[in-house]
Amino acid sequence: MATAIITGSARGIGAAIALRLAKDGFDIALNDVSEAMFEGNDIVEQIRALGVQCEVFICDVSNHDSVKETVSEIKERFKTIDVLVNNAGITRDGLLARMSEEQYDTVIAVNQKSVFNMTKFAGAVMMRQRSGRIINLSSVAGLYGNPGQMNYSASKAAIIGMTKTVAKELGSRGITCNAVAPGFIKTPMTDKLTDAQREAMLNLIAMKRYGTVDEIAGVVSFLASEDASYVTGQVIEISGGLSM
Ligand code: NAP
């Protein structure tokens, strides 16, 4: 059985991706930063009910040493690492003039350095296997920028460069690396936006609606599938036509 790791998967887009990959037949390594994220949450039971294995690995993916240890535990437990979805992400929004150094550094560490950490250690396992799929969660903020999100858009733009670099470095080992760039998807992360921010976004979306977590999970499922075996280094925007 093939194994998929999804970071930040206790809820939101990560949980939807985990459930979808379980339906596709992958054993699932869930991750989040604290046990508390899984309390009152039946994602593990939902995945196991599909007949695949599912374990939770608590780890702050911005911490290099913790990631090294966690990836090694996952390899020990599941034997192979076939898909890595770098999904964990946070926002600490604020206009540039008021953004603190701490707000900037925290977002870069969790959103961007985590991709380095996870890809380095899970990628090493994939290189030995000579196969693997890496899928990174970027954002339309990384493609086009967004006022109040200098930290977040920097991290999400960096992920695009990292995706292309990994595609070039690891392609000859049978490993693909792609990014998805969601637009406005209804999750706890976007629930924090004000009504005015939400309304302004809606006006810019060709489809005049927000996306769902399942619409992100479907594209990730495709990128993890055999059908995407010759797709690498790409960024797929999933935004209902936000950028046109
Ligand atoms: P979410 O609901 O906030 O879920 C993100 C998960 O990651 C949370 O459970 C969070 O835990 C966890 N996490 C945070 N820091 C972590 C760390 N250091 N180590 C491990 N896990 C950590 O967010 P989402 O909306 O599903 O977003 C998922 C991804 O999609 C993110 O990368 C986001 O940037 C990207 N994205 C989302 C949208 C959107 O519209 N929602 C649009 C574009 C891109 P805590 O709650 O404890 O922080």
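Described below are features of the structure shown in this document. (Residues numbered from 1 in each chain as written. Predicted model: local features only at pLDDT ≥ 70, side-chain atom pairs only at ≥ 80, totals over all residues. Heavy atoms only, no water.)

## Some points on the packing of aromatic side chains
Applying the stated criterion across every chain yields a total of two aromatic pairs. With a centroid separation of 4.2 Å and 40° between ring planes, the pair formed by Phe184 and Tyr210 is classed as tilted. Separated by 26 residues along the polypeptide, Phe184 in the loop between β6 (175-182) and α7 (195-204) and Tyr210 in the loop between α7 and α8 (213-224) bring together distant segments of the chain. Sitting over the ring of Phe78, Arg77 keeps its end group 5.1 Å from the ring centre. (Phe/Tyr/Trp six-rings, centres within 6.5 Å; stacked < 30°, edge-to-face > 60°. Helix = DSSP H or I, 4+ residues; strand = E, 2+ residues; numbered from the N terminus. Lys NZ or Arg CZ within 6 Å of the ring centre and 35° of its normal.)

## Digging into the sheet that holds strand β5 (residues 132-137)
Strand order in the open sheet formed by seven strands is β3-β2-β1-β4-β5-β6-β7, with parallel pairing between adjacent strands. Since the sheet does not close on itself, it has two edges, and those belong to β3 (54-58) and β7 (235-238), each with one partner. With direction set aside, neighbouring strand axes in the sheet form an average angle of 20°. The sheet contact formed by strand β1 (residues 3-6) and strand β2 (residues 27-32) spans four bridges and is parallel. In the strand pairing of β2, Ile5 is matched with Ala29. Sitting on the sheet, helix α3 (residues 64-78) touches β1, β2 and β3, and the angle it makes with β3 is about 165°. (Pairing = 2+ DSSP bridges. Axes fitted to C-alpha atoms, helices over the stretch in contact; angles between N-to-C directions. Contact = heavy atoms within 4.5 Å.)

## A short note on the site of the ligand
Around the ligand, a shell composed of 29 residues is seen, among which Arg11, Ile13, Asn87, Tyr152 and Thr187 lie nearest. Contacts to the ligand include Asp60, whose side-chain N or O atom sits 2.8 Å from a nitrogen atom. Here a nitrogen atom of the ligand and a backbone polar atom of Val61 are 3.1 Å apart. Burial of the ligand by the protein amounts to 92% of the accessible area it has alone, namely 890 Å². The residue inventory of the shell around the ligand, partitioned by class, reads 15 nonpolar, ten polar and four charged. (Near = heavy atom within 4 Å. Polar contact = N/O pair within 3.5 Å; in protein donor to acceptor, adjacent residues only side chain to side chain. Areas by Shrake-Rupley, 256 points an atom, 1.4 Å probe, with all protein chains shown as cover. Nonpolar A, V, L, I, M, F, W, Y, C, P; charged D, E, K, R; others polar.)

## Observations regarding the pairing of β3
Of the pairings in the sheet, the one linking β2 to β3 comprises five bridges and is parallel in character. Paired with Asp32 across the strands is Ile58, a residue of β3. In this view, the connection linking β2 to its parallel neighbour β3 by way of helix α2 (residues 43-48) has right-handed handedness. (Right-handed = clockwise from strand over helix to strand, strands pointing away.)

## Overview of the nonpolar core
With 35 residues, the main nonpolar core has Ile17, Leu21, Ile28, Leu30 and Ile47 as its most contacted residues. Elements that contribute at least two residues to this core include exactly β1, α1 (12-23), β2, α2, β4 (83-86), β5 and α8. Take this core: its biggest share by element is eight residues, from α1. Here Leu21 is in contact with Ala4, Ile6, Phe26, Ile28, Val83, Val85, Ser221 and Ala224, once residues within four sequence places are set aside. Core analysis: the next-biggest nonpolar cluster, separate from the first, contains 23 residues, Val71, Ile74, Leu84 and Ile175 among them. (Core = buried A, V, L, I, M, F, W, Y, C linked by side-chain atoms within 4.5 Å. Buried < 20%, exposed > 50% of the residue type's maximum accessible area, 1.4 Å probe, protein only.)

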